[in-house]
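As a plain string of letters, each chain reads:
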Amino acid sequence: MNEMSTRPWPAGDDDKFHEECGVFGVWNATDAAALAALGLHALQHRGQEAAGIVSLDEAGIFHSHKGQGLVGDNFGDAKVMASLRGRAALAHNRYATTGETALRNVQPLYADFAFGGFAVAHNGNLTNAHGLRRALVQRGCLFQSTTDSEVFIHLIAISLYSTVADRLIDALKQVQGAYSLVALHNGAMIGARDPLGVRPLVLGRLGGAPGEAEGGPGWVLASETCALDIVGAEFVRDVDPGEIVIVDDAGVRSIKPFGRQQSRFCVFEYIYFARPDSVVEGTPVYGTRKRIGAELARESGVPADVVVPVPDSGVPAAMGYAAEAGIPFELGIIRNHYVGRTFIEPTDQIRHLGVKLKHSANRPALEGKRVVLVDDSIVRGTTSRKIVEMVRAAGAREVHMRVSSPPTTHSCHYGIDTPERAKLMAAQHDLEGMARIIGVDSLAFISLDGLYRALGKPGRDMERPGFCDACFTGDYAIPLTDAMGNAADRQLSLLQVSQ
Ligand code: AMP
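Residues numbered from 1 in each chain as written. Predicted model: local features only at pLDDT ≥ 70, side-chain atom pairs only at ≥ 80, totals over all residues. Heavy atoms only, no water.

For the chain, an unreviewed UniProt entry supplies the name Amidophosphoribosyltransferase and the organism Craurococcus roseus. Looking at the chain in UniProt, the text filed under Sequence similarities (unreviewed entry) is "In the C-terminal section; belongs to the purine/pyrimidine phosphoribosyltransferase family." (UniProt positions renumbered as here; feature names shortened; annotations may be inferred.)

Spelled out as structure tokens, the structure:
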């Protein structure tokens with residue numbers, strides 16, 4: 001999901017994509033909406049700006065509740081939950097920095113078609129949505145939101161195919177970009193992943209309380225396995241890249257309308273985004289992060305007294321690093337858990353404050369020590385600079401920064417929130433320059449090959465990498481049609497949006 005908004009963030013950053021999301025769907029379960037709320041809660045790390053649930057009752061009526069803020073802020077009210085009746089539900093967590101935050105953009109999106117109601121929740125970014133939107137608007141489609149995900153609704157509406165699944169396939173064949181989506185209509189729940197499988201989507205099966213099924217099993221589709229765990233669903237499998245799964249009372253059917261392509265799952269899900277207790281694409285995230293840390297220690301070990309993670313995302317990599325290097329692991333930085341991720345702060349100024357609100361130095365673990373600081377990524381360098389300053393102020397003798405991802409040199413166009421290139425520290429400075437700016441004695445990033453080794457490959461296969469690593473390489477596997485398009489095209493669609 002990406003906003004097609006004229007409001008830039010930060011100022012002048014109109015190339016930036018604002019969305020990361022979590023999706024969840026449940027079919028044939030008692031208290032489907034309550035399960036959806038639990039699923040969203042487990043996926044809260046994928047989106048903290050807004051949350052929505054649409055349920056479908058036995059009479060074929062849809063019920064919806066959406067709101068800005070965290071899941072608990074929106075679905076803690078018994079009356080709200082009671083209103084979300086039915087044995088099927090769809091849910092979405094939205095992560096936005098700022099820009100257009102209107103309720104009309106909060107998903108799941110819903111529309112009434114000739115075939116009945118239809119709701120959809122999307123994680124990912126479409127890269128040709130501006131062009132599609134322009135064409136659709138010219139045909140008379142009336143857009144209700146500024147999110148790119150709404151093109152799915154209109155493409156389905158104008159499709160000449162008769163079944164919902166065929167209409168959806170028709171729509172998917174016209175979009176480019178990354179999408180993991182879950183949709184709901186009167187006859188079925190549908191899950192779909194883009195042909196390269198950039199964003200995750202898993203299928204689970206419900207059995208036993210609390211979602212005990214009547215007349216056949218209950219099914220769950222979710223961005224990550226941590227959302228299956230919370231509702232007691234058994235992991236069945238990942239939805240394959242390019243696969244559409246149709247879940248109805250007859251069970252689960254699979255359609256693969258796209259030709260076979262080598263998948264390009266987002267490597268940043270392993271590095272940072274997915275929850276450490278999730279298993280993505282068959283590989284536990286936690287173990288992968290520890291292996292990346294161990295690889296980092298082998299590649300760029302340095303004499304030190306303590307290994308200190310930048311919590312929380314740097315913790316597993318720091319554990320792997322410490323174990324491999326034989327250096328004590330210490331919690332030298334304490335994180336305040338009641339502050340959101342710094343990226344959700346709307347201005348640079350507030351974001352600077354945000355880092356201080358979020359982290360504080362644990363002096364006894366740092367004073368007089370040679371410290372290896374481990375974080376998962378350096379984006380703008382703001383966090384690292386503040387943390388290093390804090391660690392030095394707490395008396396560290398040396399500070400060596402080790403990063404469990406390669407330098408982030410390119411923006412993500414497929415659903416991870418990254419600033420435009422001009423704001424990426426690694427796009428603007430070499431290693432020495434970065435080390436100087438963040439104020440460390442030494443700085444090292446995991447190599448691209450080292451990252452792939454930690455993922456169980458011999459190194460990065462240049463022809464068939466097997467992962468999307470565009471943020472580190474600029475190798476964009478899906479065309480960036482809108483970004484490459486001419487300004488007039490983009491402008492026209494934006495004008496339509498702002499009317
Ligand atoms: P920066 O301060 O811009 O260098 O951001 C780096 C910090 O932000 C690291 O500690 C990461 O854990 C975290 N981070 C990296 N990517 C993202 C993202 N897409 N959204 C939120 N936080 C992120």
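Undergrad: Whenever I open this one, the overall build of the chain confuses me. Can you help?
TA: Helix and strand content of the chain: 18 helices and 23 strands. Relative to its 499 residues, the chain shows a buried fraction of 61%. Once local pairs closer than 6 in sequence are excluded, the contacts in the chain between residues at least 24 apart make up 70%. (Helix = DSSP H or I, 4+ residues; strand = E, 2+ residues; numbered from the N terminus. Buried < 20%, exposed > 50% of the residue type's maximum accessible area, 1.4 Å probe, protein only. Contact = heavy atoms within 4.5 Å.)

Undergrad: When you look at the UniProt feature "binding site: [4Fe-4S] cluster" (unreviewed entry) in the chain in this model, what are you seeing that I'm missing?
TA: UniProt annotation of "binding site: [4Fe-4S] cluster" (unreviewed entry) refers to Cys266, Cys412, Cys468 and Cys471 when read in the numbering used here. In sequence the annotated residues extend across 206 residues, while in space they remain close, none of their C-alpha pairs exceeding 10.0 Å. Here Cys266 shows up in strand β14 (residues 265-266). Given a relative accessible area of 6%, Cys266 falls into the buried group. Once residues within four sequence positions are removed from consideration, Cys266 is found in contact with Val198, Arg199, Ile416 and Cys468. Position of Cys471 among the secondary structure elements: in helix α16 (residues 470-473). Overall, the relative accessible area of 11% leaves Cys471 in the buried class.

Undergrad: Mind showing me how you'd approach the sheet that holds strand β5 (residues 109-113) here?
TA: Adjacent strands of a sheet form backbone hydrogen bonds with each other and so pair up, either parallel or antiparallel. Read from one edge to the other, the open sheet built from 6 strands follows the order β5-β6-β7-β8-β12-β13, with strand pairing classed as antiparallel. Pairing within the sheet leaves two strands with one partner each, and these edge strands are β5 and β13 (251-255). Put simply, the sheet's adjacent strands are angled 20° from each other on average, direction ignored. In the packing of helix α5 (residues 150-158) onto the sheet, the strands contacted are β5, β6 (116-123) and β7 (180-185), and the crossing angle to β5 comes to about 10°. (Pairing = 2+ DSSP bridges. Axes fitted to C-alpha atoms, helices over the stretch in contact; angles between N-to-C directions.)

Undergrad: Mind showing me how you'd approach the nonpolar core here?
TA: Most often, soluble globular proteins have nonpolar side chains that are buried together. Core analysis: the largest hydrophobic core is formed by 42 residues, its most contacted members being Ile271, Val307, Tyr321, Tyr414 and Leu451. Listing elements by their share of this core, those giving two or more residues are β14, α8 (267-273), α9 (285-300), α10 (315-325), β20 (370-375), α15 (448-454), β23 (467-468) and α16. The element best represented in this core is α8, accounting for 6 residues. In terms of domain composition, this core takes at least three residues from each of domain 1 (18-261) and domain 2 (285-473). (Core = buried A, V, L, I, M, F, W, Y, C linked by side-chain atoms within 4.5 Å. Domains from an automatic or database assignment.)

Undergrad: How should I be thinking about the pairing of strand β8 (residues 188-193) in this particular structure?
TA: With respect to burial, β8 is a largely interior element, 6 of its 6 residues being buried. Where burial is concerned, the two faces of β8 agree: the one with Ala188, Ile190 and Ala192 and the one with Met189, Gly191 and Arg193 are both buried. Looking at chain direction, β7 and β8 are connected through 6 bridges and run antiparallel. Bridge pairing in β8 places Leu181 opposite Ala192.

Undergrad: What's the story with the site of the ligand in this structure? I'm lost.
TA: Neighbouring the ligand are 17 residues; Asp375, Asp376, Arg380, Gly381 and Thr383 lie closest to it. Separating an oxygen atom of the ligand from a side-chain N or O atom of Asp376 is a distance of 2.5 Å. Note that an oxygen atom of the ligand is positioned 2.7 Å from one of the backbone N or O atoms of Arg380. Isolated, the ligand exposes 500 Å² of accessible area, and the fraction of that covered by the protein chains is 96%. Elements with a minimum of two residues in the shell around the ligand: α8 and α12 (382-393). Grouping the constituent residues of the shell around the ligand by class yields 7 nonpolar, 5 polar and 5 charged. (Near = heavy atom within 4 Å. Polar contact = N/O pair within 3.5 Å; in protein donor to acceptor, adjacent residues only side chain to side chain. Areas by Shrake-Rupley, 256 points an atom, 1.4 Å probe, with all protein chains shown as cover. Nonpolar A, V, L, I, M, F, W, Y, C, P; charged D, E, K, R; others polar.)

Undergrad: Sorry if this is basic, but what is going on with the packing of aromatic side chains here?
TA: Two aromatic rings are characterised by how far apart their centres lie and by the angle between their planes. According to the stated counting rule, one finds 13 aromatic pairs in the structure shown. With 6.1 Å between their ring centres and 75° between their planes, Tyr414 and Tyr476 make a pair best called edge-to-face. Separated by 62 residues along the polypeptide, Tyr414 in the loop between β21 (398-403) and α13 (425-428) and Tyr476 in the loop between α16 and α17 (481-484) bring together distant segments of the chain. Overall, the relative accessible area of 1% leaves Tyr414 in the buried class. (Phe/Tyr/Trp six-rings, centres within 6.5 Å; stacked < 30°, edge-to-face > 60°.)

Undergrad: Is there a simple way to explain the side chain of Thr288 in this structure?
TA: Within the fold, Thr288 resides in helix α9. We classify Thr288 as buried; its relative accessible area is 0%. Of note is the side chain of Thr288, whose polar atom sits 2.9 Å from the backbone oxygen of Pro284.

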